[in-house]
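The primary structure of each chain is shown beneath.
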Amino acid sequence: MIRTKRILGTVSVIAIAAGAAHLFLDGLAGSLIPLQAVIQNRTDADPAVLGILVSVALASASLFQPLGARLAQRFGDGALAITGAFLAAAGYGLLP
């Protein structure tokens, strides 16, 4: 009985973490929509190019979520989170 409660508690924490990650990714991809005017002013991009940018961001977020789940199952949530943090830091370091 205690083991079942522990497993259900662990599953609940994982489900909440996965939901939070999904919300963050969708919010990040969705933030491109209101920023289109700013991006257009800074880059003089065509509205069609901005639409493609948003489409690619939303599609890639949708396509890579199952891959992220598979990697998290295989290597563990902690290892994936640490690797993602280092990759994000490296990516931000490449920005001008």
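Residues numbered from 1 in each chain as written. Predicted model: local features only at pLDDT ≥ 70, side-chain atom pairs only at ≥ 80, totals over all residues. Heavy atoms only, no water.

**Q** How should the overall build of the protein be read in this particular structure?
**A** When helices and strands are counted, the protein shows four helices and zero strands. Here the protein holds 96 residues, and the buried ones make up 8% of them. For the protein, the accessible area works out to roughly 7,800 Å², and carbon and sulfur atoms hold 72% of it. (Helix = DSSP H or I, 4+ residues; strand = E, 2+ residues; numbered from the N terminus. Buried < 20%, exposed > 50% of the residue type's maximum accessible area, 1.4 Å probe, protein only. Areas by Shrake-Rupley, 256 points an atom, 1.4 Å probe, with all protein chains shown as cover.)

**Q** Whenever I open this one, the packing of helix 3 (residues 47-75) against helix 4 (residues 77-94) confuses me. Can you help?
**A** The description of two packed helices rests on the angle between their axes and on the distance between the axes. The interhelical angle for the contact between helix 3 and helix 4, taken along N-to-C directions, is 125°, at an axis separation of 6 Å. Relative to helix 4, the element helix 3 lies oblique. On helix 4, the residues touching Gly68, Leu71, Ala72 and Phe75 of helix 3 are Asp77, Ala79 and Leu80. Taken together, the residues of the contact of helix 3 with helix 4 sort by class into five nonpolar, one polar and one charged. (Axes fitted to C-alpha atoms, helices over the stretch in contact; angles between N-to-C directions. Parallel < 35°, antiparallel > 145°, perpendicular 65-115°, else oblique. Contact = heavy atoms within 4.5 Å. Nonpolar A, V, L, I, M, F, W, Y, C, P; charged D, E, K, R; others polar.)

**Q** Is there a simple way to think about the confidence of the model for the protein in this case?
**A** Reading fine detail from the predicted coordinates is not recommended where pLDDT is low. Here the protein averages 77 in pLDDT, and 74% of its residues register 70 or above. By mean pLDDT, the top-scoring element of the protein is helix 2 (residues 36-43) (85), and the lowest-scoring one is helix 1 (residues 2-30) (67). (pLDDT = per-residue confidence, 0-100.)

**Q** How do you make sense of a nonpolar patch on the surface when you look at a structure like this?
**A** A contiguous nonpolar surface patch, about 350 Å² in accessible area, is contributed by Leu63, Phe64 and Leu67. Here Leu67 lies in helix 3. With a relative accessible area of 43%, Leu67 lands in the partly exposed category. (Patch = residues over 30% accessible without salt bridge, like charges linked within 9 Å, V, L, I, M, F, W, Y side chains within 5 Å. Salt bridge = Lys/Arg side-chain N within 4 Å of Asp/Glu carboxyl O.)

**Q** Explain the environment of Ala69 here, please?
**A** With respect to the helices and strands, Ala69 occurs in helix 3. The exposure class assigned to Ala69 is partly exposed, which follows from its relative accessible area of 41%. For the pair formed by Ala69 and Leu80, sequence separation is eleven residues and the distance between their alpha carbons is 9.7 Å.

**Q** How should I be thinking about helix 3 in this particular structure?
**A** For an α-helix, the turn length of 3.6 residues means that residues three or four places apart are oriented alike. With 29 residues, helix 3 should reach 42 Å at 1.5 Å per residue; the first-to-last C-alpha distance of 41 Å fits that figure. When the local axis directions of helix 3 are compared, the greatest deviation, roughly 30°, occurs at Phe64, which is followed within four positions by the proline Pro66. Along helix 3, the residues classified as buried are Leu50, Val54, Ala57, Ala61 and Ala72. Gly76 sits one or two positions beyond helix 3 and adopts a positive phi of about 100°. (Expected span 1.5 Å × (residues − 1). Bend = angle between axes of the 7 residues up to and from the residue.)

**Q** Sorry if this is basic, but what is going on with the packing of helix 2 against helix 3 here?
**A** The geometry of helix 2 relative to helix 3 is characterised by a closest axis approach of 10 Å and an angle of 130° between their N-to-C directions. As summarised for this structure, helix 2 and helix 3 are arranged oblique, according to the angle between their axes. The chirality of how helix 2 crosses helix 3 is right-handed. Between helix 2 and helix 3, the contacting residues are Gln36, Ile39 and Gln40 on the first element and Pro47, Leu50, Gly51, Leu53 and Val54 on the second. (Left-handed = near helix turned anticlockwise from the far one by under 90°.)

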